[in-house]
Amino acid sequence: MAPLPGGCYCGTIRYTITLDDPHSQARTSICHCGNCKKFTGGEHGITTKIPKSAFEINQGRDQIRVHEADNGSGTLLHREFCGTCGGPLLEYGANAGDNIYVFYGTMEDHARAQVQPKGEFFGKLRDPWMPEIQGLFQKKEIKE
Ligand SMILES: [Zn+2]
Ligand SMILES: [Zn+2]
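As recorded in an unreviewed UniProt entry, the protein goes by the name CENP-V/GFA domain-containing protein, listed as coming from Monosporascus ibericus. Annotation of the protein in UniProt includes, under Sequence similarities (unreviewed entry), the sentence "Belongs to the Gfa family."

### Overview of the sheet that holds strand S5 (residues 55-59)
An order of S1-S2-S5 is seen for the 3 strands of this open sheet, with the pairing classed as antiparallel. Of all strands in the sheet, those with a lone pairing partner are strand S1 (4-7) and S5, marking the two edges. For this sheet the average axis-to-axis angle between neighbouring strands, irrespective of direction, equals 30°.

### Notes on the pairing of strand S10 (residues 117-121)
In regular strands, side chains alternate between the two faces of the sheet. Where strand S3 (residues 27-31) meets S10, 4 bridges bridge the pair, whose relative direction is parallel. Paired with Ile-30 across the two strands is Glu-120, which belongs to S10. Across 2 bridges, S10 lies against strand S11 (residues 137-138) in parallel orientation. Across the sheet, Glu-120 pairs through a bridge with Gln-138, a residue of S11.

### Overview of the nonpolar core
Leu-89, Leu-90, Ile-100 and Val-102 are the most contacted members of the largest nonpolar core, which totals 20 residues. Only strand S2 (14-17), strand S7 (76-82), strand S8 (88-93) and strand S9 (99-103) provide two or more residues apiece to this core. Ranked by residue count, the leading element in this core is S9, at 4 residues. Look past the residues within four positions of Leu-89 in its chain and what remains in contact with it is Cys-8, Ile-13, Ile-64, Glu-80, Phe-81, Cys-82, Phe-103 and Thr-106. Formed by 5 residues, the second largest nonpolar core is a distinct cluster that contains Ile-30, Cys-31, Cys-36 and Phe-121.

### Side note on the UniProt feature "domain: CENP-V/GFA" (unreviewed entry) in the protein
In the numbering used here, UniProt assigns the feature "domain: CENP-V/GFA" (unreviewed entry) to residues 4-130. Secondary structure across residues 4-130 comprises 12% helix and 43% strand; the distance between its end C-alpha atoms is 29 Å.

### Remarks on unusual backbone geometry
Of note in this structure, Phe-122 is not a glycine but carries a positive phi near 50°. On the secondary structure map, Phe-122 appears in the loop between S10 and S11.

Cut-offs and rules
Residues numbered from 1 in each chain as written. Chains lettered and ligands numbered in written order. Predicted model: local features only at pLDDT ≥ 70, side-chain atom pairs only at ≥ 80, totals over all residues. UniProt positions renumbered as here; feature names shortened; annotations may be inferred. Pairing = 2+ DSSP bridges. Helix = DSSP H or I, 4+ residues; strand = E, 2+ residues; numbered from the N terminus. Axes fitted to C-alpha atoms, helices over the stretch in contact; angles between N-to-C directions. Core = buried A, V, L, I, M, F, W, Y, C linked by C-beta atoms within 7 Å. Buried ≥ 20, exposed ≤ 12 C-beta atoms within 10 Å, placed from the backbone. Contact = placed C-beta atoms within 7 Å.

Structure below.
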């Protein structure tokens with residue numbers, strides 16, 4: 001199948017995701033947690049979970065910056081972004097296994113069309129004006 005290309009806001013960093021079957025191998029989720037709000041500057045983060053082995057940097061590797069911090073509940077969260085424009089690229093937690101979470105909006109239009117969102121997380125932290133998206137799995141977090 002055709003690779004899914006993407007890159008950072010300024011275009012310095014370019015990557016390619018290669019999946020045999022995006023429908024089964026990728027999972028895009030919307031997350032309303034406070035960390036995602038802060039990191040992306042929006043009401044939610046939206047990322048696409050893929051196997052780490054499917055992700056390849058084609059350009060700008062030396063501009064990738066890394067931020068690591070506790071996510072607030074004891075898990076080390078690793079985030080990569082562009083050192084030139086500051087735009088996000090991907091993230092993964094210490095317990096993500098061999099998967100990474102690529103920031104959905106960094107993929108090009110035709111790539112995003114192949115990995116549309118399947119679920120929403122941390123709905124309790126959804127801003128009051130933001131409606132639930134119909135048809136998506138709604139994760140009920142155990143933690144109140
Ligand atoms: Zn950039
Ligand atoms: Zn989040």
